[in-house]
Amino acid sequence: MDTTVKTGGQFRYVTPVRPQDATGRVAQVYACLADDFGMARMAVFLTLSPAPAVLAGTWALLRESLLAGQGSRTGREVVALGVSLANRCPFCVAAHTTLLHATGDHRLAETVAAGGVPEDPGHAALLRSAQGRRAPVPFPAAHAPAYVGTALTFHFVNRVASALLTENLLPGNLQKSRLVRSVGGRAMSRTVRRELPPGAGLDVLDGLPATAEPAWAAGTPVGTAYATLTAVAGAGGELLGEAARAAVTEAVAGWDGAHPPMGGDWVSGPLAGVPVAERPGARLALLTALAPYRISDADVAAWRGAATTDEDLVRLVAFGAATAMRHVESQIAGEGVRAAGVTGRG
């Protein structure tokens, strides 16, 4: 079983389902990507494809908040880029710098990517909010599902990307070139500037479980998508023993939002009471939640052994990412995370 990084490629540890081989829910999501994003081969979604339910939940939340949500697409891209910078996800930083170029504001894209402050006060407030610094709520209450949903989407997606992808958005790291980002943005501008109908992304969720919708988005497509992603990603915790699952959840609940110190001692402490056999999985989930960019080949190999599958790995990573996302939700949305029962969606 290959648990090493494929040199020069985008994918670590999993073999994606190729678009030409996709069936069922995976094929449905790939078709939506092609229609709404203008491309079927998007690395973040490809790497989730071994776990169709996680793939569908992630796509639905991203589509309904970032692509079809209320408010300006430029503002939502500022949020996506700001969160990605705060989470130290170079893959997502490059992607959303390019997408911010695609909105037509090239100067804004490079200013934010370089760590600068936007000239527009509204964009500056959105960036401060996205990066976790105190700022007035920089959008109307009616736009909360889109902006809060976008922020939470990327708290999830950043962690998945850092855990399962390399930094290579483009061959040879061409995304580091400002000219390449600008040209790429211009090529995508027509697709990015389209207005998409809200709710159309929910079709991929048919039959999947869901938690209760959060108050900040209840009754909207964003709320439906978020409730489904939290259910299907949270279910990855079933791959851990009870003690390991509890240790990860407790450690994330006590997290102050800061990046953990270098070294592995900060991981060992919270897992000290976990049975030895359960620690590799707990370590992988906790790293995904709090420092996914530090996941190593050895961490993945220690858990995978000979019995786990690509689907298992995606589901475990999704559990860690969703645990962090729900912790961040309480800070972004100003409400406690709901410990809701799960309901079916027919």
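Residues numbered from 1 in each chain as written. Predicted model: local features only at pLDDT ≥ 70, side-chain atom pairs only at ≥ 80, totals over all residues. Heavy atoms only, no water.

Brief notes about the overall build of the chain
Regarding its fold elements, the chain presents 15 helices and zero strands. Expressed as a percentage of the 346 residues in the chain, the buried residues total 54%. Residue pairs in contact within the chain that sit at least 24 positions apart in sequence constitute 72% of those at least 6 positions apart. (Helix = DSSP H or I, 4+ residues; strand = E, 2+ residues; numbered from the N terminus. Buried < 20%, exposed > 50% of the residue type's maximum accessible area, 1.4 Å probe, protein only. Contact = heavy atoms within 4.5 Å.)

Topic: the packing of helix α4 (residues 73–86) against helix α7 (residues 121–130)
As a packed pair, α4 and α7 sit with axes 8 Å apart at the nearest point and diverge in direction by 35 degrees. Read as a crossing pair, α4 and α7 show a hand that is right-handed. Residues T74, G75, V78, V79, G82 and V83 of α4 lie in contact with α7, whose contacting residues are H123, L126, L127 and A130. Across the contact of α4 with α7, the residue classes tally to six nonpolar, four polar and no charged. (Axes fitted to C-alpha atoms, helices over the stretch in contact; angles between N-to-C directions. Left-handed = near helix turned anticlockwise from the far one by under 90°. Nonpolar A, V, L, I, M, F, W, Y, C, P; charged D, E, K, R; others polar.)

Points about the packing of aromatic side chains
Using the criterion set out here, one finds three aromatic pairs in the structure. Aromatic side chains F139 and Y147 sit 4.9 Å apart centroid to centroid with 10 degrees between the ring planes, which places their arrangement in the stacked category. Residue F139 is classed as buried on the basis of its relative accessible area of 17%. On the basis of an interplanar angle of 65 degrees and a centroid distance of 5.4 Å, the ring pair of W216 and Y226 is categorised as edge-to-face. In this pair, W216 is assigned in the loop between α9 (178–192) and α10 (221–234) and Y226 in helix α10, connecting sequence segments ten residues apart. Exposure class is identical for W216 and Y226. Each is buried. (Phe/Tyr/Trp six-rings, centres within 6.5 Å; stacked < 30°, edge-to-face > 60°.)

Re the nonpolar core
By size, the foremost hydrophobic cluster in this structure holds 106 residues, and its most contacted members are W59, F156, L286 and L313. Counting residues per element, this core draws most heavily on helix α8 (residues 144–164), at twelve residues. (Core = buried A, V, L, I, M, F, W, Y, C linked by side-chain atoms within 4.5 Å.)

Considering the confidence of the model for the chain
On average, residues of the chain score 87 in pLDDT, and 86% of them are at 70 or above. The secondary structure element of the chain with the lowest average pLDDT is α9, at 66, and the one with the highest is α10, at 98. A low-confidence stretch, residues 1–8 (pLDDT under 50), is modelled with 21 contacts involving residues beyond four sequence positions or located in other chains. Below a pLDDT of 50 lies the segment residues 335–346, which in the model reaches 36 contacts outside its immediate sequence neighbourhood of four places, other chains included. (pLDDT = per-residue confidence, 0-100.)

Focus: helix α6 (residues 106–113)
All buried positions along α6 are accounted for by L108, A109, E110 and V112. Looking one or two residues beyond α6, the residue adopting positive phi is G115, at roughly 85 degrees.

A closer look at the environment of P270
Counting through the fold element by element, P270 comes out in the loop between α12 (265–268) and α13 (279–290). Excluding residues within four positions of it along the chain, P270 makes contact with A247, A251 and L286.

Quick look at the pattern of salt bridges
Per the counting criterion, the structure on display carries eight salt bridges. With a closest N to O distance of 2.9 Å, E77 and R73 form a salt bridge. Highlighted residues: E77 and R73, both in helix α4, separated by four residues, approximately one helical turn. Residues E77 and R73 agree in their burial class; the two are buried. For R304, the salt bridge identified is with D310, shortest N-O distance 2.8 Å. One network of salt bridges, in which partners are shared, links D36, R63 and E64. (Salt bridge = Lys/Arg side-chain N within 4 Å of Asp/Glu carboxyl O.)

Description of unusual backbone geometry
Here the phi dihedral of Y13 falls at roughly 75 degrees; this positive angle occurs in a residue that is not glycine. Looking at where Y13 falls in the secondary structure, it is placed in the segment before α1 (24–36). The phi torsion at R88 lies on the positive side, around 55 degrees, for a residue other than glycine. Along the chain, the position of R88 falls in the loop between α4 and α5 (90–102).

A look at the side chain of T211
Inspection of the secondary structure assignment puts T211 in the loop between α9 and α10. For T211, a relative accessible area of 10% puts it in the buried group.

Regarding the environment of E329
As for its position among the elements, E329 is in helix α15 (residues 310–332). A polar contact is formed between the side chain of E329 and the side chain of W216, at a distance of 2.7 Å. A distance of 3.1 Å separates the side chain of E329 from the side chain of Y226, its partner in a polar contact. (Polar contact = N/O pair within 3.5 Å; in protein donor to acceptor, adjacent residues only side chain to side chain.)

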